[in-house]
Amino acid sequence: MTAKEYVIEYLSNEGYRYEENPNSGHVSFKFEGVKYVFINNSGKQLLQLCILFYDVNDENRYAVLEACNKVNSDKAMVKLTCDDDTVWCNWEDIVPEDGYNLSRIDMALNMLKNAYHTFYEAIGE
């Protein structure tokens, strides 16, 4: 199975509604009120889950970068990046073609959620 197939199996097993973008192949879903995206562009066996969640502008860029650095230094397996106008929170795993433990996806969602909350604490919101 591919990473995308594992994500869809997990979401279906857990009763999550999801949307698949027919152009990109990305799969989006909500977990505890936050929108998550499975990115489908880095190889069939790379499972990349992310949250795009904070608007970045010239006025807040330095504070955002400081908050990202704090989260990145405190957390393992989850990394925050700041592009031109958005903060991304990412978790990645390489999945085998057979026998992937779907509970790792549940772990990933909780790690992402925790990093997301830690970012808001670090930035003071």
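Each value, and the rule that gives it
- Residues numbered from 1 in each chain as written.
- Predicted model: local features only at pLDDT ≥ 70, side-chain atom pairs only at ≥ 80, totals over all residues.
- Heavy atoms only, no water.
- Helix = DSSP H or I, 4+ residues; strand = E, 2+ residues; numbered from the N terminus.
- Contact = heavy atoms within 4.5 Å.
- Core = buried A, V, L, I, M, F, W, Y, C linked by side-chain atoms within 4.5 Å.
- Buried < 20%, exposed > 50% of the residue type's maximum accessible area, 1.4 Å probe, protein only.
- Phe/Tyr/Trp six-rings, centres within 6.5 Å; stacked < 30°, edge-to-face > 60°.
- Pairing = 2+ DSSP bridges.
- Axes fitted to C-alpha atoms, helices over the stretch in contact; angles between N-to-C directions.
- Expected span 1.5 Å × (residues − 1).
- Patch = residues over 30% accessible without salt bridge, like charges linked within 9 Å, V, L, I, M, F, W, Y side chains within 5 Å.
- Areas by Shrake-Rupley, 256 points an atom, 1.4 Å probe, with all protein chains shown as cover.
- Salt bridge = Lys/Arg side-chain N within 4 Å of Asp/Glu carboxyl O.
- Lys, Arg positive; Asp, Glu negative; His and termini not counted.
- Charge placed at Lys NZ, Arg CZ, Asp CG, Glu CD.
- Polar contact = N/O pair within 3.5 Å; in protein donor to acceptor, adjacent residues only side chain to side chain.

S.K.: Explain the environment of Val-95 here, please?
M.R.: Tracing the chain through its elements places Val-95 in the loop between strand E6 (86-94) and helix H3 (103-123). Linking Val-95 and Asn-41, residues 54 residues apart in sequence, is a C-alpha distance of 15 Å.

S.K.: Is there a simple way to think about the environment of Pro-96 in this case?
M.R.: Assignment of secondary structure puts Pro-96 in the loop between E6 and H3. Spatially, the C-alpha atoms of Pro-96 and Ala-3 are 8.4 Å apart, while their sequence positions differ by 93 residues. The contact partners of Pro-96, leaving out residues within four places of it in the chain, are Met-1, Tyr-6 and Gln-45.

S.K.: Would you mind showing me how to read the nonpolar core here?
M.R.: Within soluble globular proteins, side chains that are nonpolar generally end up buried alongside one another. Of all hydrophobic cores here, the largest spans 39 residues; its most connected members are Leu-47, Leu-49, Phe-53, Leu-80, Val-87, Ile-105 and Phe-119. Elements that contribute at least two residues to this core include exactly helix H1 (3-14), strand E2 (27-31), strand E3 (34-39), strand E4 (46-55), helix H2 (61-74), strand E5 (78-82), E6 and H3. Element by element, the count of residues in this core is highest for H3, at nine residues. In this structure, Leu-49 is in contact with Phe-29, Val-37, Phe-38, Cys-89, Asn-90, Trp-91, Ile-105, Ala-108, Leu-109 and Leu-112, ignoring residues within four places of it in sequence.

S.K.: I'm lost on the packing of aromatic side chains in this one. Help?
M.R.: For any pair of aromatic rings, the description rests on two quantities: the centre-to-centre distance and the angle between the ring planes. Summed over all chains, the structure comprises 13 aromatic pairs. Site record: aromatic cluster; members linked through ring pairs are Tyr-10, Tyr-16, Phe-29, Phe-31 and Tyr-36.

S.K.: Please clarify how the sheet that holds E6 should be interpreted in this entry.
M.R.: Working definition: the strands of a sheet are paired by backbone hydrogen bonds and lie parallel or antiparallel to each other. Strand order across the open sheet formed by six strands is E1-E2-E3-E4-E6-E5, with antiparallel pairing between neighbours. Strands at the two margins of the open sheet, each flanked by one partner only, are strand E1 (18-20) and E5. Across the sheet, the mean angle separating the axes of adjacent strands is 25° when strand polarity is ignored. The sheet contacts of H2 involve E4, E5 and E6, and relative to E5 the element is tilted by about 165°.

S.K.: Would you mind showing me how to read H3 here?
M.R.: Along an α-helix, residues three or four positions apart point the same way, because every turn accommodates 3.6 residues. The end-to-end C-alpha distance of H3 is 31 Å, a good match for the 30 Å that 21 residues give at a rise of 1.5 Å each. The set of residues buried in H3 consists of Ile-105, Ala-108, Leu-109, Leu-112, Ala-115, Tyr-116, Thr-118, Phe-119, Tyr-120 and Ile-123. Directly beyond the C-terminal end of H3, a positive phi value near 85° is found at Gly-124.

S.K.: How should I be thinking about a negative patch on the surface in this particular structure?
M.R.: On the surface, Asp-55, Asp-83, Asp-84 and Asp-85 cluster together into a negatively charged patch. Within the secondary structure, Asp-83 sits in the loop between E5 and E6. For Asp-83, a relative accessible area of 31% puts it in the partly exposed group.

S.K.: What exactly am I supposed to notice about the side chain of Gln-48 here?
M.R.: Note on placement: Gln-48 falls in strand E4. A distance of 3.5 Å separates the side chain of Gln-48 from the side chain of Glu-92, its partner in a polar contact. Leaving out residues up to four positions away in the same chain, Gln-48 has contacts with Val-37, Phe-38, Ile-39, Asn-41, Ser-42, Asn-90, Trp-91 and Glu-92.

S.K.: Please explain the pattern of salt bridges as it appears in this structure.
M.R.: Two side chains of opposite charge can pair, provided their charged atoms sit close to one another. Counting across every chain of the model gives four salt bridges. With a shortest N-O distance of 3.1 Å, Lys-113 and Glu-32 are connected by a salt bridge. On the criterion of sequence distance, the pair formed by Lys-113 in helix H3 and Glu-32 in the loop between E2 and E3 is long-range, its members being 81 residues apart. On the basis of relative accessible area, Glu-32 is assigned to the exposed category, the value being 57%.

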